[in-house]
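Coordinates in review
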Amino acid sequence: MHALKYEGWGELAGEMGRSMARLQLPTAAAAAGSVVVPVPTTAKRVSERGYNQAELLGRSFSDALGRPLVYALQRHRGGATQVALHPSERRANVKGVFIPTLGFDRYLKGVHAILVDDVLTTGATASEAASVLHEMGSSGVTLVTFARALPFRRSGPG
């Protein structure tokens with residue numbers, strides 16, 4: 001994941017996405033008619049990396065499943081990188097960052113969305129994105145990620 005996200009190895013996303021597609025999906029997500037929605041990133045990060053890793057994973061994942069890839073979300077403002085943020089800081093950092101892509105609500109009305117991201121840590125990003133997809137009319141959202149990171153923990157007594 002580090003090579004894909006930080007070292008420019010975008011070609012890794014193909015096999016990673018196909019691997020994700022082998023997961024046992026909940027019935028609603030596996031049903032015909034579901035759509036794949038990649039979690040958007042900022043234009044600055046796309047410029048730095050040359051791609052959005054969630055989009056590359058989503059494209060491979062959707063191709064493997066035979067489901068359409070729908071760019072239903074936009075990230076209308078940035079936020080600090082979340083790597084070193086505490087869970088409560090992560091929630092505040094992503095609050096309100098996603099907006100619907102104009103006209104894409106028609107692809108989500110009554111349809112189950114499979115939200116694709118690279119890494120799940122606290123779920124703050126996924127929760128915020130899922131809220132917008134629900135507001136757009138999605139009947140449900142299933143999150144699929146390639147990796148799960150342990151949340152930040154402060155050391156010391158406790």
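Residues numbered from 1 in each chain as written. Predicted model: local features only at pLDDT ≥ 70, side-chain atom pairs only at ≥ 80, totals over all residues. Heavy atoms only, no water.

1. A word on the overall build of the protein chain
Tallying secondary structure elements over the protein chain gives seven helices and five strands in all. Starting at the N terminus, the α and β elements of the protein chain follow one another as α-α-α-β-α-α-β-α-β-β-α-β. By the burial criterion, 44% of the 158 residues in the protein chain qualify as buried. For the protein chain, restricting intrachain contacts to residue pairs at least 6 apart in sequence, the fraction spanning at least 24 positions comes to 79%. (Helix = DSSP H or I, 4+ residues; strand = E, 2+ residues; numbered from the N terminus. Buried < 20%, exposed > 50% of the residue type's maximum accessible area, 1.4 Å probe, protein only. Contact = heavy atoms within 4.5 Å.)

2. A few points about the sheet that holds strand 4 (residues 112-120)
Two pairing modes exist for strands in a sheet, parallel and antiparallel, and in both the strands are linked by backbone hydrogen bonds. The parallel open sheet is built from three strands, whose spatial order is 1-4-5. Edge positions in the open sheet fall to strand 1 (35-38) and strand 5 (140-148), since each of these has one partner strand only. The mean angle between the axes of side-by-side strands here comes to 30°, regardless of whether they run parallel or antiparallel. Along the sheet, helix 2 (residues 12-20) makes contact with strand 4 and strand 5, crossing strand 5 at roughly 125°. Of the strands in this sheet, strand 1, strand 4 and strand 5 touch helix 5 (residues 53-65), which is tilted by about 135° from strand 4. (Pairing = 2+ DSSP bridges. Axes fitted to C-alpha atoms, helices over the stretch in contact; angles between N-to-C directions.)

3. A short note on the packing of helix 2 against helix 5
Any two packed helices are characterised by how steeply their axes cross, that is the angle between the axes, and by the distance between the axes. At a minimum axis distance of 7 Å, the contact between helix 2 and helix 5 shows a crossing angle of 50°. Judged on the interaxial angle alone, helix 5 and helix 2 are oblique. As helix 2 runs across helix 5, the sense of the crossing is right-handed. Residues A13, G14, M16, G17, R18 and M20 of helix 2 touch helix 5, and the partners they reach there are L56, L57, S60, F61 and A64. In the contact of helix 2 with helix 5, the residues fall into seven nonpolar, three polar and one charged. (Parallel < 35°, antiparallel > 145°, perpendicular 65-115°, else oblique. Left-handed = near helix turned anticlockwise from the far one by under 90°. Nonpolar A, V, L, I, M, F, W, Y, C, P; charged D, E, K, R; others polar.)

4. Digging into the pairing of strand 1
Here strand 1 shows no split at all, with V35 and V37 on one side and V36 and P38 on the other all buried. Note: strand 1 against strand 4, four bridges, orientation parallel. Note on strand 4: the bridge partner recorded for P38 is V116.

5. Regarding the pattern of salt bridges
Counted by the stated rule, this structure contains five salt bridges. With its nearest N and O atoms 3.8 Å apart, the salt bridge here joins K44 to E48. Of the two residues, K44 and E48 are both situated in helix 4 (residues 43-49); the distance of four residues between them amounts to about one turn of the helix. Residue R59 pairs with E55 through a salt bridge whose shortest N-O separation is 2.7 Å. In this pair, R59 and E55 are both assigned in helix 5, four residues apart and thus about one turn of the helix distant. What makes E55 partly exposed here is its relative accessible area of 22%. (Salt bridge = Lys/Arg side-chain N within 4 Å of Asp/Glu carboxyl O.)

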